[in-house]
Amino acid sequence: MKDKIFYILSIDGGGIRGVFAAQILKRIKEELKITFFEKFDIIAGTSTGSIIAAGLAIDYPIEEIVDLYQKKGKEIFFRNYSDKFNWMNWKGLFKSKYNNRYLKQELLSVFQDKTLSNTKTRLIIPASDISNGNVFVLKSNYDPNFVRDKDIKIADAVLASCSAPTYFNPHVVKKYLLVDGGLWANNPSLVAITEAMGRRFKIPRENIRIISIGTGTGKKYYDPKDANKQWGFKQWGTGLVDTIMNLQSVNVENIVRFILEDDKFLRINFEADSGIALDNIDSIENLISRADEKFTYYFEKIKKFLKEATHV
């Protein structure tokens, strides 16, 4: 294994913006006839990226994942105004903005009763353990020593990774209280590289190839003219979560570029003039259009990058 090329697919978190990554992957499948679980030795996804990563790891059709964003996004990010206390819940001030039952329902329809022992390739899903103040990495059962996660339902693992603070409530998996992995690994590239180079595989870094797909980087989340305002919850709001995840993705990209040479790391992402909220369902068609544009731009690089891919 040490002498073979080890391919990693990494997918960022980003809420509804995950449709950008899903559309990129849909185009890759259509144009290059890729079977993702056969091509990639590890597929890693955080938050919304975990939906896509887990789907690919069980060979769920990527086009149906794109449809999930387009057709079910409004239900997943739907405020329950029948709640008599909802008038107090301005932007998640007193409780999470959204009830996760809609998201849970869709995840169960996709993954059913499949567990992390039922994937067709190695799957990594970062989450955050807020009960113990630790990082939490859910892994498929590709090592006999991985006994903690093997019977965890994929739907539960994904729901935990998607539970962005202020957007969705934490999710209990076994005895752990878990939230969005994007708090520390919104771009899971570094987690996957660490796994590849660690004691389990010991892959030399020169043999690692990684395609990392983002969900957009905003240039502006707050306005300098607001500097003298009172910076309580009203000013920070859910934009703080979006900003943290954005910063984390950018930081990891810089670190991975330092670890790997340019021809071994392909990052596909886009920049927006302002931040695109995790729950902005009105941005879906624009995100799909951006994905088609980026795919056209990167097509030859993607084709060359995947040309020699073989499953380890």
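Residues numbered from 1 in each chain as written. Predicted model: local features only at pLDDT ≥ 70, side-chain atom pairs only at ≥ 80, totals over all residues. Heavy atoms only, no water.

**Student:** How do you make sense of the overall build of the protein when you look at a structure like this?
**Tutor:** Helix and strand counts for the protein come out as eleven helices and ten strands. Taking all 312 residues of the protein together, the buried fraction comes to 55%. Surface accessibility of the protein: about 14600 Å² in total, with carbon and sulfur atoms responsible for 50%. (Helix = DSSP H or I, 4+ residues; strand = E, 2+ residues; numbered from the N terminus. Buried < 20%, exposed > 50% of the residue type's maximum accessible area, 1.4 Å probe, protein only. Areas by Shrake-Rupley, 256 points an atom, 1.4 Å probe, with all protein chains shown as cover.)

**Student:** What should I look at first to understand helix H11 (residues 284–306) in this one?
**Tutor:** Every α-helix carries 3.6 residues per turn, so stepping three or four residues along brings you back to the same face. Compared with the 33 Å implied by 1.5 Å per residue over 23 residues, the 28 Å span of H11 between its first and last C-alpha is markedly short. Of all the bends in H11, the greatest, near 60°, is centred on Tyr298. For H11, the secondary structure elements touched by its buried residues are strand E1 (6–11), helix H1 (18–32), helix H2 (36–39), helix H4 (62–76), strand E7 (208–213) and strand E9 (265–268). (Expected span 1.5 Å × (residues − 1). Bend = angle between axes of the 7 residues up to and from the residue. Contact = heavy atoms within 4.5 Å.)

**Student:** Can you help me understand the nonpolar core in this one?
**Tutor:** With 76 residues, the main nonpolar core has Leu9, Leu25, Ile28 and Ile52 as its most contacted residues. Here this core takes ten residues from H11, the largest share from any one element. (Core = buried A, V, L, I, M, F, W, Y, C linked by side-chain atoms within 4.5 Å.)

**Student:** In this structure, what is going on with the environment of Ile43? I would like to understand it.
**Tutor:** Along the chain, Ile43 falls in strand E2 (residues 42–45). Sequence separation of Ile43 and Ala192 is 149 residues, and the distance between their C-alpha atoms is 8.0 Å. In contact with Ile43, not counting residues within four places along its chain, are Leu9, Phe36, Ala53, Leu56, Ala57, Thr121, Arg122, Leu123 and Ile124.

**Student:** How do you make sense of unusual backbone geometry when you look at a structure like this?
**Tutor:** Trans peptide bonds make up most of the peptide bonds, and negative phi angles are found at most residues other than glycine. Even without being glycine, Thr166 reaches a positive phi, approximately 80°. Owing to a relative accessible area of 21%, Thr166 belongs among the partly exposed residues under this scheme. Even without glycine at this site, Lys202 takes up a positive phi of about 55°. Tracing the backbone through its elements, the reader meets Lys202 in the loop between helix H8 (189–197) and E7.

**Student:** Looking at this structure, how should I read the side chain of Lys97?
**Tutor:** In this structure, Lys97 sits in the loop between H4 and helix H5 (101–111). Among the polar contacts made by the side chain of Lys97, one reaches the side chain of Asp279 at a distance of 2.8 Å. (Polar contact = N/O pair within 3.5 Å; in protein donor to acceptor, adjacent residues only side chain to side chain.)

**Student:** Is there a simple way to explain the environment of Ser289 in this structure?
**Tutor:** With respect to the helices and strands, the residue Ser289 is situated in helix H11. Residues Ser289 and Gln23, 266 residues apart in the sequence, show an inter-C-alpha distance of 9.0 Å.

**Student:** Mind showing me how you'd approach the packing of H1 against H11 here?
**Tutor:** For any two helices packed against each other, the geometry comes down to the angle between their axes and how far apart the axes lie. Where H1 contacts H11, the two axes come as close as 8 Å, and the packing angle between them is 45°. In terms of orientation, H1 and H11 fall into the oblique class. Judged by the twist between their axes, the crossing of H1 over H11 is right-handed. Within the contact between the two elements, H1 uses Val19, Phe20, Gln23, Ile24, Arg27, Ile28, Glu31 and Leu32 and H11 uses Ile284, Leu287, Ile288, Arg290, Ala291, Asp292, Lys294, Phe295, Phe299, Ile302, Lys303 and Leu306. Partitioning the contact of H1 with H11 into residue classes produces 13 nonpolar, one polar and six charged. (Axes fitted to C-alpha atoms, helices over the stretch in contact; angles between N-to-C directions. Parallel < 35°, antiparallel > 145°, perpendicular 65-115°, else oblique. Left-handed = near helix turned anticlockwise from the far one by under 90°. Nonpolar A, V, L, I, M, F, W, Y, C, P; charged D, E, K, R; others polar.)

**Student:** What am I meant to see in the packing of aromatic side chains here?
**Tutor:** Each aromatic ring pair is characterised by the separation of its centres together with the angle its planes make. Overall, the coordinates contain twelve aromatic pairs when judged by the stated rule. With a centroid separation of 5.0 Å and an interplanar angle of 85°, the aromatic rings of Tyr297 and Tyr298 are classed as edge-to-face. Assessed through its relative accessible area of 13%, Tyr298 is described here as buried. Three or more aromatic residues joined by ring pairs make a cluster, and in this case those are Phe6, Tyr142, Phe146 and Phe201. It is Lys294 that lies over the ring of Tyr297; its NZ or CZ is 5.9 Å from the centre. (Phe/Tyr/Trp six-rings, centres within 6.5 Å; stacked < 30°, edge-to-face > 60°. Lys NZ or Arg CZ within 6 Å of the ring centre and 35° of its normal.)

**Student:** Can you help me understand the pairing of E2 in this one?
**Tutor:** It is a general feature of regular strands that their side chains alternate between the two faces of the sheet. Here E2 shows no split at all, with Ile42 and Ala44 on one side and Ile43 and Gly45 on the other all buried. Relative to E2, E1 runs parallel, the two sharing four bridges. Note on E2: the bridge partner recorded for Leu9 is Ile43. Examined bridge by bridge, E2 and strand E3 (residues 122–129) share three bridges and lie parallel to one another. (Pairing = 2+ DSSP bridges.)

**Student:** Quick question: what am I supposed to make of the packing of helix H3 (residues 48–57) against H4 here?
**Tutor:** Closest axis-to-axis distance for the H3/H4 pair is 10 Å, and the angle between their directions is 155°. By the angle between their axes, H3 is roughly antiparallel relative to H4. Note that H3 runs across H4; the crossing there is right-handed. On H4, the residues that touch Thr48, Ile51, Ile52, Gly55 and Leu56 of H3 are Ile62, Ile65, Leu68 and Tyr69. Broken down by class, the residue content of the contact of H3 with H4 amounts to seven nonpolar, two polar and no charged.

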